[in-house]
Amino acid sequence: MLYAIISQDVADSLPLRKQARADHLARLETLRDQGRLILAGPHPAIDSDDPGEAGFTGSLVVAEFDSLESAQAWADADPYIKAGVYANVIVKPFKKVLP
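Please read these numbers as outputs of a predicted model, since none were measured by experiment.

1. Quick notes on the overall build of the protein
And then number 1: Along the protein, the regular secondary structure elements total three helices and four strands.
And then number 2: Along the protein, helices and strands appear, N-terminal first, in the series β-α-β-β-α-α-β.
And then number 3: On C-alpha atoms alone, the protein measures out to a radius of gyration of 13 Å, which is about the 13 Å that the 2.2 N^0.38 rule sets for 99 residues.
And then number 4: Over its C-alpha atoms, taken along the principal directions, the protein stretches across nearly 35 × 30 × 25 Å.
And then number 5: Out of the 99 residues belonging to the protein, those deemed buried represent 31%.
And then number 6: Accessible surface, the protein: about 6200 Å² in total, of which carbon and sulfur atoms supply 54%.
And then number 7: One way to put it: in the protein the 10 positive side-chain charges average out to a point 4 Å from where the 14 negative ones average out.

Here is the structure:
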């Protein structure tokens, strides 16, 4: 089943993101290589593809997992959590309808 992992950053998270980004992306690339990643990306803090120093306010990952528990465990192990990037993370089932 698909699950949405919706994360909200702490204030001024950009320096923390930069430190943990390579490890964060490596985990997402593994999901992609396994054919389980539907989409992933950050929420820019301003209306721009490249927010620069404004940074980001959170992230969204939609991926396939065996269960809610396995999706939660994957989310809990994100390097951004260890680095203090995320203030909170919500994991919930997701049903893709379109496209």
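2. A short note on the packing of aromatic side chains
And then number 1: Per the counting criterion, the structure on display carries three aromatic pairs.
And then number 2: Ring geometry for Tyr80 against Tyr86: centres 5.6 Å apart, planes inclined by 80 degrees, an arrangement best described as edge-to-face. For the pair Tyr80 and Tyr86, a shared accessibility class is recorded, and that class is buried.
And then number 3: The structure contains a cluster of three or more aromatic residues connected by ring pairs, namely Tyr3, Phe65 and Trp74.

3. Quick notes on the pairing of strand β1 (residues 2-9)
And then number 1: The element β1 is largely enclosed, with a buried count of six among its eight residues.
And then number 2: As paired elements, β1 and strand β4 (residues 86-94) share eight bridges and run antiparallel to each other. Bridge pairing in β4 links Asp9 to Tyr86.

4. Overview of the layout of surface pockets
And then number 1: In this model, the largest pocket occupies a volume close to 250 Å³.
And then number 2: If you trace the largest pocket, you find 15 residues lining it, with Arg17, Arg21, Leu25, Pro42 and Tyr80 closest to the centre.
And then number 3: At the level of elements, α1 (14-33), β2 (37-44) and β3 (56-64) are the ones that each hand at least two residues to the lining of the largest pocket.
And then number 4: Per-element tally for the lining of the largest pocket: the top contributor is α1, with seven residues.
And then number 5: The residue inventory of the lining of the largest pocket, partitioned by class, reads nine nonpolar, three polar and three charged.

5. Observations concerning the pattern of salt bridges
And then number 1: The final tally for this structure, using the stated rule, is four salt bridges.
And then number 2: A salt bridge links Asp78 to Arg27, with the shortest nitrogen-to-oxygen separation between them at 4.0 Å. Placement of Asp78 in the loop between α2 (68-76) and α3 (79-82) and of Arg27 in helix α1 is noted, with a sequence separation of 51 residues between them.
And then number 3: Classification of Asp78 by relative accessible area gives buried; the value is 6%.
And then number 4: According to the relative accessible area criterion, Arg27 is buried, its value standing at 17%.
And then number 5: Residues Asp33 and Arg32 are paired through a salt bridge, measuring 3.1 Å at the closest nitrogen-oxygen approach.
And then number 6: The exposure class assigned to Asp33 is exposed, which follows from its relative accessible area of 59%.

Rules of the game
- Here the residue numbers are simple positions, counted from 1 along each chain's written sequence.
- Only residues with pLDDT of at least 70 are given local features in this predicted model, and only at 80 or more are side-chain atom pairs given and counted; all residues enter the totals for whole chains, interfaces and linings.
- Side-chain figures throughout are based on the complete set of non-hydrogen atoms in the structure, without hydrogens or water.
- Numbering of helices and strands starts at the N terminus; helices are DSSP runs of H or I of at least 4 residues and strands are runs of E of at least 2.
- The globule rule used here is 2.2 Å times the number of residues to the 0.38 power, and the radius of gyration it is set against is calculated over C-alpha atoms.
- Classification of residues uses two cut-offs on accessible area relative to the type maximum, computed with a 1.4 Å probe and protein chains only: under 20% is buried, over 50% is exposed, and between them is partly exposed.
- Residue-level accessible areas treat just the shown protein chains as cover; the underlying method is Shrake-Rupley with a 1.4 Å probe.
- Charge assignment: positive for Lys and Arg, negative for Asp and Glu; neither His nor the chain ends contribute.
- Note that the charge is assigned to NZ on lysines, CZ on arginines, CG on aspartates and CD on glutamates.
- Pairing of aromatic side chains here covers Phe, Tyr and the six-membered ring of Trp, requires ring centres within 6.5 Å, and sorts the geometry by plane angle: under 30 degrees stacked, over 60 edge-to-face, intermediate tilted.
- Strand pairing requires that DSSP identify at least two bridges connecting the strands.
- Within this scheme a cavity is a closed region of a 1 Å grid, computed over the protein atoms alone, that accommodates a 1.4 Å probe without allowing it to escape, whereas a pocket is open but has protein on both sides within 12 Å along at least five of seven lines; lining residues each have an atom within 4 Å of a point.
- Grid points are joined across faces, edges and corners, and a volume is the space filled by probe spheres set on the points.
- Gly falls in the polar group here, along with every residue not listed as nonpolar (Ala, Val, Leu, Ile, Met, Phe, Trp, Tyr, Cys, Pro) or charged (Asp, Glu, Lys, Arg).
- A pairing counts as a salt bridge when a side-chain nitrogen of Lys or Arg comes within 4 Å of a carboxyl oxygen of Asp or Glu.

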